[in-house]
Each structure stands twice: as structure tokens, then as C-alpha cells.
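Now for the letters of each chain:
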Amino acid sequence: MFKKSLVSVLFILSVSCFANVKDSLRLKLDFAIEHKADYSSQKDKRTSKIRKALKEKNSLEVQYSLNQKLYAEYRKYKIDSALYFITRNVKLSESIKDSSFKTDAVLQLANLYSASGRFLESEKLLKSVQGKTLSNNQKKTYLEFYIEFFEHYATNNPSKYYNEQIGIYRDSLLAVLDPQSSEYKVNLALRSIDNKEYSAAKINLEDLFYNQELKKSQYAMCAYLLGNISMHDKNYTDGINYYTMAAITDIETATRDQGAIQNLAIYNYYNNNIDLAYKYAKSALEDAVACNVKFRTLMMSEFYSIINAAYQKKEDKNKKQLQVYILSVSVLSGFLIILIFYIYRQMKRLFKIKKELSGSTQNLQELNTEFQSVNDRLKLFNDQLNESNNIKEEYIAQFFDICSSYISKMEDYRKKLYKKAVNKQFVELTNVLRSNDTIEMELVDLYRKFDTVFIKLYPEFTSDFNALLTEGEKITLKEGEILSTELRIFALERLGIKDSEKIASFLRLSMSTIYNYRTKIRNKTVYSKEEFTKKLEKTGSRSHTL
């Protein structure tokens with residue numbers, strides 16, 4: 001149907017010469033999400049033409065065929081509409097003498113019931129079909145839909161029995177499929193995955209993905225399964241690339257029953273990429289609800305609430321930081337205005353003094369008797385003026401240096417953003433706004449200052465801390481390193497900060513990471529938790545022994 005496999009590989013290789021593949025695929029996925037409504041509009045135009053043809057006077061067989069086309073369009077797009085047209089086919093098949101029409105319609109209706117969570121109705125219809133009377137194509141469809149029935153049901157009701165049934169029906173399906181067909185190879189790979197034979201599944205899927213022409217739905221399925229295998233093998237880069245390619249294809253084909261973008265949302269959440277996780281989870285949940293795929297809606301709705309809470313928390317934090325920055329600029333501006341006003345008054349005072357001195361000089365010959373007193377006053381004024389000027393020079397220099405530096409940074413940043421906005425470089429603008437480079441640099445400087453000050457306060461901390469650890473488990477610092485992350489966690493405890501949440505916030509680590517570091521260190525010491533804590537409180541100075 002299309003040669004997208006080879007085209008995708010060539011596209012990825014060419015992009016890698018200029019940029020990171022993962023980033024280029026992610027940008028393509030972002031574009032697809034932003035234009036999701038356009039792809040849906042294209043599908044609506046196709047279905048509108050078929051609906052229009054349905055309104056014409058047609059034979060029962062033609063009506064059945066048109067309903068069948070609409071079912072195929074809506075099956076992974078809007079289940080309620082697919083149900084409507086396939087139900088019409090069930091009724092039409094009663095008037096068509098060929099029994100195969102009814103069998104096809106009943107099987108398709110059973111599959112839609114399964115996807116929409118109506119398992120009792122689905123199972124009843126599947127059991128009503130006599131397997132021995134089916135044609136080869138109908139038997140293939142019958143077995144495929146039975147596998148999907150158990151997969152949908154097992155999603156909400158995990159059971160070894162359902163997994164066994166999936167294996168039995170897949171073996172039967174493989175027996176009726178053409179071994180040279182792509183359907184056979186995909187199902188063979190799925191059986192290998194079910195049997196935890198991931199290497200064999202990967203070989204089959206890669207051969208299919210890169211060397212054969214595939215339908216778009218098969219292309220997306222292969223990419224999705226290769227993503228699952230890569231994630232299982234902890235090859236996360238390949239896994240994300242495959243998931244992204246599958247998600248792009250699903251969106252471009254207006255397929256709303258999809259799993260790749262859900263997995264991307266979950267992966268990014270657990271890797272603290274909250275913005276991406278929220279974007280993908282929101283898109284996945286919207287599609288699942290619009291399609292009315294019950295098992296995917298249930299899977300995603302609960303996780304979406306978790307991601308949404310994390311996203312809102314991050315947004316609130318960003319707003320607070322922005323408020324702090326605005327307040328800081330306002331305060332600095334206020335101080336600058338006060339300082340300028342103070343300098344103006346001093347200059348005015350100086351001008352007044354000079355004017356008085358000028359008048360005194362003109363009358364000096366006439367005021368010889370008062371010369372000494374005037375000279376003393378002049379010296380006093382000069383001393384006061386020199387002292388005032390010295391103070392002003394020191395504080396003005398420091399204050400103007402801080403203000404000038406901060407205003408210059410803000411102006412440069414504003415010009416940079418303005419230039420990108422004027423040139424409509426919205427992707428670059430988004431990347432700049434999303435970048436954490438400045439914050440990371442400030443954090444590095446903050447930790448360096450913290451380490452330096454702490455070691456000045458507790459010069460023997462590192463050696464004392466290593467004394468608490470068993471032989472062979474001592475912490476060795478890298479060249480140029482004052483404190484390691486592990487030492488920094490316990491340095492904060494030494495300062496009296498024992499709240500894990502505050503430590504995690506200061507060091508920009510997760511709570512689980514803090515816990516793992518503490519556990520790892522406490523496993524390296526012979527002391528109990530209480531003894532270790534008491535000895536930690538005494539580390540650092542030269543005036544004690546552990």
C-alpha cells in the first residue's frame with residue numbers, strides 16, 4: 001500500500017546528519033498533534049462522500065458495501081458511528097440470501113462491542129458463529145476478533161486463563177494465514193512476544209518493518225511492537241523512536257485507538273519530562289474518549305490525573321518564580337530611583353555650598369577679621385563632602401554594577417526573544433523558553449558556593465564521614481570536586497536539614513533518589529541508623545573524635 005518503511009529509514013538517516021534523530025521525530029510528532037484536527041477533517045470528508053452515496057437509491061448489496069466502508073473508516077476513529085453502520089448491515093443481511101453477509105456483519109459487531117467494553121454482548125455474538133461453516137477469510141477474521149476480545153477483557157481483568165486463550169487462538173490463526181503474508185509475520189512475532197522470545201520477535205518485525213511494503217496500520221503496529229521490545233531490552237532511545245513513529249502514523253491516519261502515544265506519556269512522566277508527558281497524555285485521552293475505546297479510556301484517565309496534577313504543580317511553581325523575578329526587578333528599580341534622588345539632593349547641596357564659598361571669597365578682603373572662622377567652616381564642609389563622596393562612590397558602584405548587569409541580561413534576553421518572534425521562529429522560541437541552561441548554570445554555581453562555605457565551616461567533614469564507612473566503601477571525590485551528591489545530602493543533614501522533601505527540592509532530585517542514596521550509604525556502615533545519625537552530627541571539626 002505504501003513504501004513508508006524505507007522512506008522513514010532514509011529520512012531518519014538524513015536528519016541525523018544535521019540534528020538528533022530523537023529530537024527531529026519529536027518535532028514531527030508535535031506537528032502532528034497540533035494538526036490533529038486537519039487529519040480528522042480529511043477523514044470526515046471521506047466519510048461524508050460515502051454517507052452521501054448511502055442516501056441514493058441502491059440495491060441491498062450496495063447499501064451493505066457502503067455501510068462496510070463506513071465501518072472500516074470509523075472502527076478506529078469513532079466506535080459509536082461504526083456500531084450504527086454495522087448494526088444496519090446486520091439488519092440488511094436478513095434480507096440478503098447469502099448467509100456470509102450476516103456472518104461478516106455479526107463478527108464485526110462483536111469486535112466493536114468488545115472494544116467499547118460490552119463484553120457479554122461480544123462473547124454472545126462470537127459464540128453464535130459456527131466456526132466450521134466459515135470461509136478461510138471469515139475464519140481468519142473470527143480468530144483475530146476472538147484474540148482481540150480476550151486482549152480487551154484481560155486489560156481490565158488480568159488472568160492466566162485469558163492469556164492462555166490468546167495463545168490458543170493465535171496458534172489457530174497462524175494455521176490459516178499465508179506464511180508469506182505480513183499478517184502471518186506480525187502474529188508470529190506476537191506469539192514470540194507472548195512466549196518471551198523477544199529476540200525472535202525482533203528479527204521478524206525488523207525484516208517486515210524495513211524490507212516489505214506495509215499498510216499504514218501494519219506499519220504503526222510493527223513500530224509499536226518494536227518499541228515494546230526495545231523498552232524491554234532497556235534500549236530506551238530506540239524504544240522512544242519506534243513509539244514516536246507509530247504515534248505519528250496513528251495521528252496522520254486519524255487512528256484514535258492507539259497505544260504508542262500513551263506509552264510515550266508514561267515514559268516521559270517517569271523521566272520527569274512533565275510538559276511532554278502532559279501533552280501526550282492529553283492527546284491520548286482525548287482520542288480514547290472521542291473514539292469511545294473503553295479499555296484505553298480506563299487505562300489513560302487514571303494516569304492522566306496524575307500527570308495533570310504534576311503539570312499543574314510545575315505551572316504553579318513557574319508562576320511563583322516569575323512573581324519573584326518581577327518583585328526583584330521592582331525592588332531594584334525602586335532602590336535605583338531613591339539613589340538617583342539622593343545623588344540629586346547631594347549635588348544640589350554641593351552647588352549651594354559652592355555658591356556660598358564664592359560669595360565669601362568675593363568679600364574676603366572686607367572680612368579679614370572673619371577669615372579664620374570662614375576657613376574652618378570651609379574645611380569642615382570639605383571634610384563632610386569628601387566623606388559623603390567616598391560613601392557614595394562605593395555604594396553607587398556596587399549597586400549600579402548589580403542593576404546594570406541584571407538589566408543587561410534582561411535586555412539581551414528580551415531582544416533575543418523579540419528577534420525570534422519577529423522572524424516567526426516559533427519552534428526556536430519555544431526551545432529557548434523551554435531551555436533550563438541558565439537555571440542549570442546558576443544551580444552549579446549555587447552548589448559550588450554551598451560546598452565551599454560548608455567545607456570552611458566543617459573542614460574535616462569528608463574524612464570524618466569516610467571514617468563512618470567500612471573499608472572499601474570510602475567515597476572518593478573526583479578532580480576539582482569539593483562534595484559529591486551523596487556527601488551533599490548528608491552535609492545538609494549535618495546543617496540540621498532532615499526533611500527529605502526539602503533536600504530533594506534543593507538538590508533537584510526525586511524523593512526516591514534521596515531515599516536510594518541514604519539507603520546505599522547506610523548499607524556501607526556498621527552502625528545502626530540511630531548511631532549513624534548521632535555520629536553524623538559530630539562530623540566536620542578537628543576538635544572531636546568519632
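Look above for the structure.
Residues numbered from 1 in each chain as written. Predicted model: local features only at pLDDT ≥ 70, side-chain atom pairs only at ≥ 80, totals over all residues. Heavy atoms only, no water.

Visitor: Go over the overall build of the chain with me, naming the residues and quoting the values.
Guide: Within the chain, the secondary structure is distributed over 24 helices and zero strands. Evaluated residue by residue, the chain yields a buried proportion of 37% over its 546 residues. Once local pairs closer than 6 in sequence are excluded, the contacts in the chain between residues at least 24 apart make up 61%. (Helix = DSSP H or I, 4+ residues; strand = E, 2+ residues; numbered from the N terminus. Buried < 20%, exposed > 50% of the residue type's maximum accessible area, 1.4 Å probe, protein only. Contact = heavy atoms within 4.5 Å.)

Visitor: Give me helix α12 (residues 216–232): which residues, what numbers.
Guide: For α12, which comprises 17 residues, the first-to-last C-alpha distance of 24 Å matches the rise-based estimate of 24 Å (1.5 Å per residue) to within 8%. Considered for burial, the residues of α12 that qualify are Q218, Y219, A220, C222, A223, L225, L226, G227, I229, S230 and M231. (Expected span 1.5 Å × (residues − 1).)

Visitor: Can you lay out a positive patch on the surface for me, pointing to particular residues and giving the numbers?
Guide: Taken together, the side chains of R51, K52, K55 and K78 define a basic patch exposed on the protein surface. Inspection of the secondary structure assignment puts K52 in helix α3 (residues 36–54). (Patch = residues over 30% accessible without salt bridge, like charges linked within 9 Å, V, L, I, M, F, W, Y side chains within 5 Å. Areas by Shrake-Rupley, 256 points an atom, 1.4 Å probe, with all protein chains shown as cover. Salt bridge = Lys/Arg side-chain N within 4 Å of Asp/Glu carboxyl O. Lys, Arg positive; Asp, Glu negative; His and termini not counted. Charge placed at Lys NZ, Arg CZ, Asp CG, Glu CD.)

Visitor: Quick rundown of unusual backbone geometry? Include the residues and the values.
Guide: For A254, which is not glycine, the phi torsion reads 55° and is therefore positive. A relative accessible area of 7% places A254 in the buried class. Unlike most non-glycine residues, R508 shows phi in positive territory, near 55°. Relative to the helices and strands, R508 resides in the loop between α22 (500–507) and α23 (511–522).

Visitor: Explain helix α8 (residues 136–156) to me, and be specific about the residues and the numbers.
Guide: In an α-helix, one full turn covers 3.6 residues, which means residues spaced three or four apart are oriented alike. Taking 1.5 Å per residue, 21 residues should reach 30 Å; α8 reaches 31 Å between its end C-alpha atoms and fits that length. Buried within α8 are the following residues: Q138, Y142, L143, F145, Y146, I147, E148, F149, F150, H152 and A154.

Visitor: Could you give me a rundown of the packing of aromatic side chains, with the residues and numbers involved?
Guide: As enumerated under the stated definition, the model contains 31 aromatic pairs in all. Relative to F149, the ring of F119 has its centre 6.2 Å away and its plane inclined at 70°; by these criteria the two rings are edge-to-face. Of this pair, F119 sits in helix α7 (residues 119–128) while F149 sits in helix α8, and the two are 30 residues apart along the sequence. Side by side, F119 and F149 carry an identical accessibility label, which is buried. Considering the side-chain rings of Y146 and F149, the 6.3 Å spacing of their centres and the 90° angle between planes classify their relative orientation as edge-to-face. Residue Y146 and its partner F149 are located together in helix α8, separated by three residues, close to a single helical turn. For F149, a relative accessible area of 4% corresponds to the buried category. Of the aromatic side chains, those joined through ring pairs into one cluster are F119, Y142, Y146, F149, F150, Y153, Y161, Y162 and Y169. When the ring centre of Y77 is taken as reference, the NZ or CZ atom of K43 above it lies at 5.5 Å. (Phe/Tyr/Trp six-rings, centres within 6.5 Å; stacked < 30°, edge-to-face > 60°. Lys NZ or Arg CZ within 6 Å of the ring centre and 35° of its normal.)

Visitor: I'd like to hear about the pattern of salt bridges, residue by residue, with values.
Guide: Tallied over the entire structure, the rule returns 17 salt bridges. For K279, the salt bridge is made with D30, and the minimal N-O distance between the two is 3.3 Å. In this pair, K279 is assigned in helix α15 (residues 274–291) and D30 in helix α2 (residues 21–34), connecting sequence segments 249 residues apart. Residue K279 is classed as partly exposed on the basis of its relative accessible area, which comes to 28%. Judged by its relative accessible area of 9%, D30 falls in the buried class. A salt bridge links R118 to E121; the shortest N-O distance between them is 3.6 Å.

Visitor: Summarise the nonpolar core; cite the residues concerned and give the values.
Guide: The biggest cluster of nonpolar side chains holds 47 residues, and the ones touching the most others in it are I79, L109, L112, L126, Y142, Y146 and F150. Discounting residues that sit within four places of it in the chain, Y146 has contacts with L126, K127 and Y169. Core analysis: the second largest hydrophobic core is formed by 42 residues, A201, L205, I229 and Y267 among them. (Core = buried A, V, L, I, M, F, W, Y, C linked by side-chain atoms within 4.5 Å.)

Visitor: Go over the packing of helix α21 (residues 485–494) against α23, please, and point to the residues and values.
Guide: Running from N to C, α21 and α23 point in directions that differ by 95°, and their axes come no closer than 10 Å. Between α21 and α23, the crossing angle belongs to the class labelled roughly perpendicular. Across the interface between the two elements, T485, E486, I489, F490 and E493 of α21 pack against I514, Y517, R518, K520, I521 and R522 of α23. Here the contact of α21 with α23 is composed, by residue class, of five nonpolar, one polar and five charged. (Axes fitted to C-alpha atoms, helices over the stretch in contact; angles between N-to-C directions. Parallel < 35°, antiparallel > 145°, perpendicular 65-115°, else oblique. Nonpolar A, V, L, I, M, F, W, Y, C, P; charged D, E, K, R; others polar.)

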